[in-house]
Amino acid sequence: TNLTSIRTDMWNITNSGIASMARVMEGRLLDLRIEGETVTKNYLSDGCLEIVARECPNLKRFTYKLSSYNYRPELDRLTGAAAIALVQACRKLEVLHLERASRVGKDDFVTISKMVAQDEAGYSLRKIELIGYPFVVKGFPFVIEDIEAESTKLE
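Report follows, based on the coordinates. Within each chain, residue numbers correspond to sequence positions counted from 1 in written order. The predicted origin of the model limits local features to residues at a pLDDT of at least 70 and limits the giving and counting of side-chain atom pairs to 80 or more, whereas totals for whole chains, interfaces and linings rest on all residues. Each side-chain value is derived from all of the structure's non-hydrogen atoms; neither hydrogens nor water enter the calculation.

### Observations concerning the environment of Leu30
Only DSSP runs of H or I covering at least 4 residues are called helices, and only runs of E covering at least 2 are called strands; the numbering of each starts at the N terminus. Relative to the elements of secondary structure, Leu30 occurs in the loop between α1 (15-25) and β2 (31-35). On the basis of relative accessible area, Leu30 is assigned to the partly exposed category, the value being 28%. Along the primary structure Leu30 and Ser5 are separated by 25 residues, whereas in three dimensions their C-alpha atoms are 5.9 Å apart. By definition in these notes, contact holds between two residues if any of their heavy atoms fall within 4.5 Å. Excluding its chain neighbours within four sequence positions, the residues that come into contact with Leu30 are Thr4, Asn58, Leu59, Lys60 and Arg61. We call a residue buried when its accessible area falls under 20% of the maximum for its residue type, exposed when it is over 50%, and partly exposed in between, using a 1.4 Å probe and counting protein chains only.

This is the structure in structure tokens:
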């Protein structure tokens, strides 16, 4: 099969479905974009992302988005440990895009930044896109900057 990219939401697929897809696709999967489902309460888990990392070493782009609508932090099971494992296992990963994956924190991005900086030739990661975080990761080598809250003056 020539399929190299999968875009899905977790309305129609579960963690085990994504894991099964990763096992079948193996090294052919280059682009995986997943949208967590806050209405049906289906969130990506660490275990699932670790399977993707192990089974799909040629992944070039990974996106995981969560809506702020009906978000339940206690159900969000994706942590920085799995994001770090993904970067470590998928050395061809060029873009990591996370939207409101709140359990992947600033310290995790510092770890990823240092890991890539220590072995630039060994990692392809050059872009980290974040939405819904109080900080951004800019440029390469990566620089993490806090987003300044807009101040409002009462006059």
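### Here we look at the packing of α1 against helix α2 (residues 46-55)
Between the N-to-C directions of two axes lies an angle of 0 to 180 degrees, each axis being a line fitted to C-alpha atoms and, for a helix, fitted only over the stretch in contact. Closest axis-to-axis distance for the α1/α2 pair is 9 Å, and the angle between their directions is 5 degrees. In terms of axis orientation, α1 runs roughly parallel to α2. Residue-level inspection shows Asn15, Ile18, Ala19, Ala22 and Arg23 of α1 in contact with α2, the latter providing Cys48, Ile51, Val52 and Glu55. The residue classification treats Ala, Val, Leu, Ile, Met, Phe, Trp, Tyr, Cys and Pro as nonpolar and Asp, Glu, Lys and Arg as charged. All others, Gly included, are polar. Of the residues in the contact of α1 with α2, the class split is six nonpolar, one polar and two charged. If an angle is under 35 degrees, it is roughly parallel; if it is over 145, roughly antiparallel; if it lies from 65 to 115, roughly perpendicular; otherwise it is oblique.

### Details of the sheet that holds β2
Taking strand neighbours across the sheet as the criterion, the five strands line up as β1-β2-β3-β4-β5 in an open arrangement whose pairing is parallel. Both edges of this open sheet fall to β1 (5-9) and β5 (127-131), since each of them pairs with a single strand only. Taken over all neighbouring pairs, the strand axes of this sheet differ in orientation by 5 degrees on average, direction set aside. Here the rule is simple: two strands pair whenever DSSP picks up at least two bridges between them.

### Quick look at the pairing of strand β7 (residues 143-146)
Here strand β6 (residues 135-138) pairs with β7 via four bridges, running antiparallel. Within β7, the position partnered with Val136 by the bridge is Glu145. Counting the residues in the hairpin turn of β6 and β7 gives four residues, including Gly139, whose phi is positive at 60 degrees.

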